[in-house]
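Residue-level structure breakdown
Okay, here's what each chain looks like letter by letter:
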Amino acid sequence: MSSVLTIRGGVPLTGRVSVRGAKNLVPKAMVAALLGNEPSVLRNVPEIKDVEVVTSLLQLHGVTVEKDPVTGDLTLDPKAARTAPSTAIDAHAGDSRIPILLCGPLIHAIGEAFIPDLGGCKIGDRPIDYHLDVLRQFGAVVEKRPGGIHISAPKGLHGAKISLPYPSVGATEQVLLSATRAEGITELSGAATEPEIVDLIAVLQKMGAIISVQTDRTIRIEGVRDLGGYNHRALSDRNESASWASAALVTRGDIFVEGASQRDMMTFLNTFRKVARHGHRRGRHPFLPPRRQAQPARPRNRRPPGLHDRLAAAPRGGPDPGRRRVHRA
Ligand SMILES: CC(=O)N[C@H]1[C@@H](OP(=O)(O)OP(=O)(O)OC[C@H]2O[C@@H](n3ccc(=O)[nH]c3=O)[C@H](O)[C@@H]2O)O[C@H](CO)[C@@H](O)[C@@H]1O
Ligand SMILES: C=C(OP(=O)(O)O)C(=O)O
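To keep things clear, this report deals only with the structure shown in the data block. Bear in mind that the values here come from a model prediction, so they are computed numbers and not experimental data.

So, on to unusual backbone geometry. Most peptide bonds take the trans configuration, and most residues that are not glycine carry a negative phi. Backbone geometry places N44, a non-glycine residue, at a positive phi of 65°. Relative to the assigned elements, N44 resides in the loop between strand 3 (40-43) and helix 2 (49-60). On the accessibility criterion, N44 (7% relative accessible area) is buried. Notably, R217 is not glycine yet its phi reads approximately 65°, a positive angle. By secondary structure assignment, the location of R217 is in the loop between strand 11 (210-213) and strand 12 (219-222). According to the relative accessible area criterion, R217 is partly exposed, its value standing at 27%.

Structure follows, in structure tokens:
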């Protein structure tokens, strides 16, 4: 499939769409299933590439992944987890960014991990130094090898006091997935606390993990020896919901987004309302000022609480008869 989508605009978008489970939770919850000693069931699973990649990587490691043909629910059983051939893992090089999160769970399940070179959206430099630092602080040995990274932990993973220089989503997930079965207590400060992180914590807690989140971006994890399975319905994708809302705004359309969660989108909804109001004051059209397009209400700080980076500039006003090229997530 081409990696470019060409959109011919100029038509108001109207109708009803159903939003599925969050892309930024589902593949991570699938990885979490590897930490259990019994099957897990994940519901509200979207049909996206990250799910395919993680399914394949889990299967390569002996995890059975069964998809219900009617509901699309996944049952993941890790009890036969085993080492996978690095050539087979390598076939996934460049496919996704999720494999880096397999490190902790694979070390707990089989004692080592080989992670292929990462993919993911091309949104600039995307280092993984926080991930590797965190793993080393847990006691892992990280080695660069041709085609990927090899990680082992001859003395197991041990809880640690970790501080992130920036509230990285991925690095916070790395800590959560590594610490829940590490020996001792982990205290993470400077953690990301997005709704998808909170939902991942809910998944881990269902498995038996002991995790508390404080209001100052500190997460405390008390390691446990074993975890069970989970039965979880993924939270809905707030980015997809916000994309539909933005599409309705800029095309003067009317879209009902079934399953969107106000609670997880408060910052976006405030921004959306301000943009719409701004346009209304300045021109005839509710969303479009007469001479120039409504300006995005840009957040002042780098990552305002609750607003996904990707959406910080999403709701620009004004219908656009032209074409748009977007990159595919
Ligand atoms: C900024 C960005 O696009 N964040 C998205 C990205 O998270 P992803 O985990 O890729 O990015 P982070 O939120 O971790 O990165 C935030 C910032 O920390 C820096 N950083 C991060 C990790 C690291 O090891 N070293 C380092 O320097 C990055 O350069 C960036 O400036 O994908 C997630 C989906 O999985 C989304 O939920 C996040 O909203
Ligand atoms: C950057 C993102 O996606 P990915 O990490 O999958 O590339 C994102 O969801 O914001």
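Sheet topology note: the strand 3/strand 5 (residues 74-77) ladder contains three bridges and is antiparallel. Considered in strand 5, the bridge of L42 is made with L74. Judged from the four bridges that link them, strand 4 (residues 64-67) and strand 5 form a sheet pairing that is antiparallel. Pairing of E66 across the sheet is with T75, part of strand 5. With antiparallel pairing between neighbouring strands as the criterion, strand 4 and strand 5 make up a hairpin whose turn holds six residues, including G72 at a positive phi of roughly 80°.

This brings us to the sheet that holds strand 8 (residues 148-152). Read across the sheet, three strands follow the order 6-8-7 without closing on themselves; strand pairing throughout is antiparallel. On the outer flanks of this sheet lie strand 6 (112-116) and strand 7 (141-145), each paired with one strand and no other. Across this sheet, the average inter-strand angle for adjacent strands is 20°, counted without regard to direction. Of the pairings in the sheet, the one linking strand 6 to strand 8 comprises five bridges and is antiparallel in character. Looking at the pairing, E112 lines up with S152 of strand 8. The strands touched by helix 4 (residues 103-110) are strand 6 and strand 8; relative to strand 6, the strand with the most contacts, the crossing angle is about 145°.

Of all hydrophobic cores here, the largest spans 71 residues; its most connected members are M30, L58, L76, I151, L176 and L204. Ranked by the residues each element gives to this core, the list is headed by helix 7 (residues 195-207), at six residues. Beyond its immediate stretch of four places on either side in the chain, L58 contacts M30, L34, V63, V65, L76 and L102. Counting residues in each nonpolar core, the second largest holds five residues, with V19, A247, A248 and I255 among its members.

Rules behind the numbers
Residues numbered from 1 in each chain as written. Chains lettered and ligands numbered in written order. Predicted model: local features only at pLDDT ≥ 70, side-chain atom pairs only at ≥ 80, totals over all residues. Heavy atoms only, no water. Helix = DSSP H or I, 4+ residues; strand = E, 2+ residues; numbered from the N terminus. Buried < 20%, exposed > 50% of the residue type's maximum accessible area, 1.4 Å probe, protein only. Pairing = 2+ DSSP bridges. Axes fitted to C-alpha atoms, helices over the stretch in contact; angles between N-to-C directions. Contact = heavy atoms within 4.5 Å. Core = buried A, V, L, I, M, F, W, Y, C linked by side-chain atoms within 4.5 Å.

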